[in-house]
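An overview of the molecular structure
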Amino acid sequence: MAMVDEPLYPIAVLIDELKNDDIQLRLNSIRRLSTIARALGEERTRKELIPFLSENNDDDDEVLLAMAEELGVFIPYVGGVEHAHVLLPPLETLCTVEETCVRDKAVESLCRIGSQMRESDLVDWYIPLVKRLAAGEWFTARVSACGLFHIAYPSAPDILKTELRSIYTQLCQDDMPMVRRSAASNLGKFAATVEPAHLKTDIMSIFEDLTQDDQDSVRLLAVEGCAALGKLLEPQDCVAHILPVIVNFSQDKSWRVRYMVANQLYELCEAVGPEPTRMDLVPAYVRLLRDNEAEVRIAAAGKVTKFCRILNPELAIQHILPCVKELSSDSSQHVRSALASVIMGMAPVLGKDATIEQLLPIFLSLLKDEFPDVRLNIISKLDQVNQVIGIDLLSQSLLPAIVELAEDRHWRVRLAIIEYIPLLASQLGVGFFDDKLGALCMQWLQDKVYSIRDAAANNLKRLAEEFGPEWAMQHIIPQVLEMINNPHYLYRMTILRAISLLAPVMGSEITCSRLLPVVINASKDRVPNIKFNVAKVLQSLIPIVDQSMVEKTIRPCLVELTEDPDVDVRFFATQAIQSIDHVMMSS
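Because the structure is predicted, anything quoted here is derived from the model rather than measured.

Now for the overall build of the protein. Looking only at helices and strands, the protein features 37 helices and zero strands. Against the 2.2 N^0.38 benchmark of 25 Å for 587 residues, the protein shows a C-alpha radius of gyration of 34 Å, more extended than a compact globule. When the backbone C-alpha atoms are referred to their principal axes, the protein occupies close to 90 × 85 × 40 Å. Here the protein holds 587 residues, and 54% of them are scored as buried. Counting contacts in the protein only where the partners sit at least 6 residues apart, residues at least 24 apart contribute 68% of the total. Split by element, the accessible area of the protein, about 26,500 Å² in all, is 52% carbon and sulfur. Between the mean site of the 57 positive side-chain charges and the mean site of the 81 negative ones, the protein shows a separation of 4 Å.

Here we take up the confidence of the model for the protein. In this model, the protein carries a mean pLDDT of 79, and residues with pLDDT of at least 70 account for 90%. Note that pLDDT drops below 50 for residues 1-6; the model gives that stretch two contacts with residues more than four away or on any other chain.

In a regular helix each residue adds 1.5 Å, so 15 residues correspond to 21 Å; helix H36 (residues 547-561) covers 20 Å between its end C-alpha atoms and thus fits that length. Residue isoleucine 554 marks the point of greatest curvature in H36, where the axis turns by about 35 degrees; the proline proline 556 follows within four residues. Of the positions making up H36, those classed as buried are Met549, Val550, Ile554, Arg555, Cys557, Leu558 and Leu561. Tucked inside the fold, the buried residues of H36 contact helix H34 (508-522), helix H35 (528-541) and helix H37 (567-586).

With that out of the way, let us pick up the state of the cysteines. Here the structure, examined in full by the defined rule, presents zero disulfides. Of all cysteine sulfurs in the structure, the one in cysteine 557 sits closest to cysteine 512, which takes part in no disulfide; the separation is 14 Å. According to the relative accessible area criterion, cysteine 512 is buried, its value standing at 14%.

Applying the stated rule across the entire model yields seven aromatic pairs. For the ring pair tryptophan 255 and tyrosine 259, a centre distance of 6.4 Å and an interplane angle of 75 degrees mean the geometry is edge-to-face. A residue pair is termed a helical-turn pair when its members lie 3 or 4 positions apart in one helix, as tryptophan 255 and tyrosine 259 do in helix H16 (residues 255-272) at four residues. With 4.8 Å between their ring centres and 70 degrees between their planes, phenylalanine 467 and tryptophan 471 make a pair best called edge-to-face. Each member of the pair, phenylalanine 467 as well as tryptophan 471, is classed as buried. Through pairs of rings, three or more aromatic residues link up here, namely Phe532, Phe571 and Phe572. Here the basic side chain of lysine 536 rests over the ring of phenylalanine 572, its NZ or CZ set 4.8 Å away from the ring centre.

One pass over the structure, following the stated rule, counts 15 salt bridges. Between arginine 132 and glutamate 92 there is a salt bridge, with its nearest N and O atoms 2.8 Å apart. Within this pair, whereas arginine 132 is found in helix H8 (residues 119-134), its partner glutamate 92 is found in helix H6 (residues 88-94), the two being separated by 40 residues in sequence. Among the ionic pairs, aspartate 174 bridges to arginine 142, the shortest N-O distance being 2.7 Å. Taken together, the positions of aspartate 174 in the loop between helix H11 (158-172) and helix H12 (177-193) and arginine 142 in helix H9 (residues 139-146) put the pair 32 residues apart, joining distant regions of the chain. Note on aspartate 174: relative accessible area 11%, which makes it buried. Its relative accessible area of 13% is what places arginine 142 among the buried residues. Put simply, Lys105, Glu108 and Arg112 are held in one network by salt bridges that share partners.

It is worth spelling out the nonpolar core at this point. Soluble globular proteins: nonpolar side chains tend toward being buried together. Counting residues in each nonpolar core, the largest one holds 212 residues, and the members touching the most others are Phe74, Tyr126, Leu265, Ile320, Ile343, Trp444 and Leu558. Excluding residues within four positions of it along the chain, tryptophan 444 makes contact with Ala406, Ile417, Ile418, Ile421, Ile452, Arg453, Ala456 and Asn459.

Along the chain, glycine 136 falls in the loop between H8 and H9. For glycine 136, a relative accessible area of 14% puts it in the buried group. The contacts of glycine 136, once residues within four sequence positions are left out, are Ala141 and Arg142.

Tracing the backbone shows asparagine 459 in helix H30 (residues 450-467). Leaving out residues up to four positions away in the same chain, asparagine 459 has contacts with Ile418, Ile421, Pro422, Cys441 and Trp444.

Here the focus is the packing of helix H7 (residues 100-114) against H8. Packing of H7 against H8 brings their axes to within 12 Å, and their N-to-C directions diverge by 165 degrees. In terms of their interaxial angle, H7 and H8 are classed as roughly antiparallel. Helix-helix and strand crossings are classified by hand; for H7 and H8 the assignment is left-handed. Side by side, H7 and H8 meet where Leu110, Cys111 and Gly114 of the first sit next to Leu122, Tyr126 and Leu129 of the second. Split into classes, the residues belonging to the contact of H7 with H8 amount to five nonpolar, one polar and no charged.

Moving on: the packing of helix H21 (residues 333-343) against helix H23 (residues 352-367). Their axes nearest at 11 Å, the elements H21 and H23 cross at an angle of 130 degrees. Between H21 and H23, the interaxial angle falls into the category oblique. When you trace H21 past H23, the crossing you get is left-handed. Along the contact surface, H21 presents Arg336, Leu339, Ala340 and Ile343, while H23 presents Leu359, Ile362, Phe363 and Leu366. Considering only residue class, the contact of H21 with H23 consists of seven nonpolar, no polar and one charged.

Looking at the element boundaries, asparagine 486 is found in the loop between helix H32 (477-482) and helix H33 (489-506). Along the primary structure asparagine 486 and glutamine 446 are separated by 40 residues, whereas in three dimensions their C-alpha atoms are 9.3 Å apart. Sequence-distant contacts of asparagine 486, that is, excluding residues within four places in its chain, are made with Gln446, Tyr491 and Arg492. Of note is the side chain of asparagine 486, whose polar atom sits 2.9 Å from the backbone nitrogen of histidine 488.

Parameters at a glance
- Residues numbered from 1 in each chain as written.
- Predicted model: local features only at pLDDT ≥ 70, side-chain atom pairs only at ≥ 80, totals over all residues.
- Heavy atoms only, no water.
- Helix = DSSP H or I, 4+ residues; strand = E, 2+ residues; numbered from the N terminus.
- Rg over C-alpha atoms; globule rule 2.2 N^0.38 Å.
- Buried < 20%, exposed > 50% of the residue type's maximum accessible area, 1.4 Å probe, protein only.
- Contact = heavy atoms within 4.5 Å.
- Areas by Shrake-Rupley, 256 points an atom, 1.4 Å probe, with all protein chains shown as cover.
- Lys, Arg positive; Asp, Glu negative; His and termini not counted.
- Charge placed at Lys NZ, Arg CZ, Asp CG, Glu CD.
- pLDDT = per-residue confidence, 0-100.
- Expected span 1.5 Å × (residues − 1).
- Bend = angle between axes of the 7 residues up to and from the residue.
- Disulfide = S-S within 2.5 Å.
- Phe/Tyr/Trp six-rings, centres within 6.5 Å; stacked < 30°, edge-to-face > 60°.
- Lys NZ or Arg CZ within 6 Å of the ring centre and 35° of its normal.
- Salt bridge = Lys/Arg side-chain N within 4 Å of Asp/Glu carboxyl O.
- Core = buried A, V, L, I, M, F, W, Y, C linked by side-chain atoms within 4.5 Å.
- Axes fitted to C-alpha atoms, helices over the stretch in contact; angles between N-to-C directions.
- Parallel < 35°, antiparallel > 145°, perpendicular 65-115°, else oblique.
- Left-handed = near helix turned anticlockwise from the far one by under 90°.
- Nonpolar A, V, L, I, M, F, W, Y, C, P; charged D, E, K, R; others polar.
- Polar contact = N/O pair within 3.5 Å; in protein donor to acceptor, adjacent residues only side chain to side chain.

Here it is, written out as C-alpha cells:
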C-alpha cells in the first residue's frame, strides 16, 4: 500500500467505489467528490476527475441526483471561474436523463455555474450547450434547455440573441406537451432578461400561443406567466395584452386553469392596476367564487380579503358580499373552511356598519358550523373583528358561541378557545371575565385530553399576569388548590403543573404560605408519578422562595424522596437536591 503514489490513491478508490454494486458506496463516493478533488488538485480534477464523471453512466437516479448537486458547487475545485466551463459536459449529460428530479437539479446547477461564468465563456461554451440541448432528439434535453435561456441570453451578442429568441419560440411550439410546459413555466424568467422592444413583439406572440394551447397543463402554466409578464409590461400594454387573457382563462373549460386563475388573481390585479380590476376582474372573480368546482371556489374564497382590499368598500359590499354569504353555506366544508380563515380580515376593509349588518351573521353561522376546522378558523382571527366593532358588540353576539365552543367535542377547538382566552380577557376586562369565563378556565383543568389540561394551566398563568396577583389570589388559587385532592392522579399532576407556572407570577410570600404546603403534602402521594413531579416542582420553586424556606421545608422533603422505592422519584429528588447545592455554592 505504501508503494501506491499518494495522489493517485483517492481517484483509484473513487473509481472502484463508483463501479461498486452497492449503491450506498457509490453514493458516499459521489458525496465525497469535493474531498477527492482537493486531494487531486485543480489541474488533475479538470483533466481526470471531470472527464471520468462525464463518462460515468450510472443507472441509479439517486447517484445521478447527488452528482448533479455536487457539480453545482464545484467551481473552486477546478481552478475558479476561468475554468468553470469544464463542468458543463457532465451536467449536459445529466440534463438528458429520464428522471425529472435529476434533470431539475442539473438545470439548477447549470444556472448556478452560468451566473458566475465570464461573459466570453458564456458565449463560447454555455450558449452552444443551450442550443445543443434545445435541438436534442430526446424531449428531456429540450425540457432542460428551457430553464437555461435566462442565464444565456443577457451576455449573448445581438445575432445570438435573435437566434435564442427564435429557438425559444420553437420550443413553445414543440410537439411534446412536456417541452411546451417547461417553456411556459420558464417564460417569466426568460422575459425578464429580454429587451422591452422584443418583449412586446416576440415574447407576447410566444405567450399568446401558449395561452391557446390545447393542453390544459400548458395553459395553467401560462396563467403564472400572466402575473410575471404583467409586472414587466407598461400598464397600458398590460391591459391590452394580459387582461383579455385573464378574463378568458377565468372561463376556461378546464377547472385546473380556472383554479390557477383564482390562486393568482390578486397578483394579476396588481399587474393590471385598480381601474381595470374594477371593470373587468370583479365579474371574473365573482364567476370564480360561484364556480361549479369546489377546488376553484376554495382557491377563490381564500383570496376574498386580499381582493376586497383592492376595491373600495361599496364595490366589495355590492359584488363580493353576496358571494361570501353563499359560500358560508357552501356544500363543501373545505370551501367554508377557506372562507373562515380569511373572512375576519374583511371587517377592517368594510368598516363598522357593514361588519355589524352583513358580516356578523356570517361569522355566527360559521362559528356554529358542523366541521371543527371551520369553527377553528373563525376563532383564531376574532381580534381582527374586535378592532372594528368594539368589545361590547363582540361579547353580545359572539360570546355565547365562544362559551359553546369551550365545551366542543373536538379537543382542537377547545384548545384554540383556550389560547384565545387571555386576549379576550384583556379586551373584556376583569368584571366581564369573572362573570362569563372564570368557571370555564377551571373546568378545562379537568379535561380528558392532556393538551387541554396543559394549555389550561398555561392559561391560568397568563391570566394571573394580566389581572395581577391579588385577583389571582381571590379567583384562581383557592379553586386550583382544592383540585389537588382529585381522586385521579392525572388531574393532580395538572394542578402541580399549574402551581409551578403560577408561583413565579404570585411571588415569594404567597408561594411560601399557600402553594408550597400543598406541594409538600403531595409528596406523600401513593402514585410515583405525582412524587417525581413534586420533586420537579420543588426544584422550580428554589429560586422563588427564600433560602431559609429551602433549607427548612424543601430540602427535608427531597431527602425523604431520595429514599423512595421508585427509581424515577429518587432520580428527580437527587437532581433537585443538586440544584439546591448549586444555588448555595453560587451564592
